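Examination of the molecular architecture
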Amino acid sequence: MEREQIETIKLIMLKNLKVFWEEHWLPISSLIVLIVSCQLFNWTHSGFLYLPMFVSGWLVVMFALKYKSENSIFSSKKSTKNMQQDTSYETYTVLRVYTNDPNFQEYMQNQEYFHSQHVQMENRVIDHNQDIESQIMFIRKPEFAFCYHLLMDRKNEMYFIGEYV
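Nothing here was measured: the structure is a model prediction, and the numbers come from that model.

**Side note on the pairing of strand S3 (residues 146-152)**
Remember that side chains alternate between the two faces of the sheet whenever the strand is regular. Most of S3 sits inside the fold, with seven of its seven residues counted as buried. Burial along S3 is two-sided: the face carrying Phe146, Tyr148, Leu150 and Met152 and the face carrying Cys147, His149 and Leu151 are both buried. Note that strand S1 (residues 89-99) and S3 share seven bridges and pair antiparallel. Along S3, the bridge assignment pairs Arg96 with His149. The hairpin formed by S3 and strand S4 (residues 158-164) contains five residues between the paired strands, and Asn156 there has a positive phi angle of roughly 60 degrees.

**Here's the deal with a nonpolar patch on the surface**
Side chains of Leu51, Phe54, Val55, Trp58, Val61, Met62 and Leu65 sit close together on the surface and give an oily, nonpolar patch of about 710 Å² of accessible area. Tracing the backbone shows Trp58 in helix H2 (residues 50-70). The exposure class of Trp58 is partly exposed, given its relative accessible area of 48%.

Criteria and thresholds
- Residues numbered from 1 in each chain as written.
- Predicted model: local features only at pLDDT ≥ 70, side-chain atom pairs only at ≥ 80, totals over all residues.
- Heavy atoms only, no water.
- Buried < 20%, exposed > 50% of the residue type's maximum accessible area, 1.4 Å probe, protein only.
- Helix = DSSP H or I, 4+ residues; strand = E, 2+ residues; numbered from the N terminus.
- Pairing = 2+ DSSP bridges.
- Patch = residues over 30% accessible without salt bridge, like charges linked within 9 Å, V, L, I, M, F, W, Y side chains within 5 Å.
- Areas by Shrake-Rupley, 256 points an atom, 1.4 Å probe, with all protein chains shown as cover.
- Salt bridge = Lys/Arg side-chain N within 4 Å of Asp/Glu carboxyl O.

Have a look at this one:
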């Protein structure tokens, strides 16, 4: 019984090792070439080894940066995605639009009109379990009659939150 379990564990480990090698053979080979060529350079000081050291080093750095930004265990993107899925918090850009035009909502889809208004932006983390309007502070500017709060998410979609007179 134990022998069968050991054999199945060996087969599973070999299968996992083969899958890992198929996915990561280039960075592993580059790292090995880099280490070997650096060691040979230390022993021989041959100029011939500059090219393999440069190419393999460049590949190792590019793969390290790629894996860091996409799917590494050290990736900050992965942890923030998991945190956002586990909680109700999300980062938005809060747009405070100050204007004297009472018809702002009708024309705000017009990009030129929108940019002609006084707009303040700030990044803010919003909790979806609480009232969104209460999480965005109203800042009065006496020279403007109206203040509109808009939220922009990471997909650049805008949401109307409130109008203040």
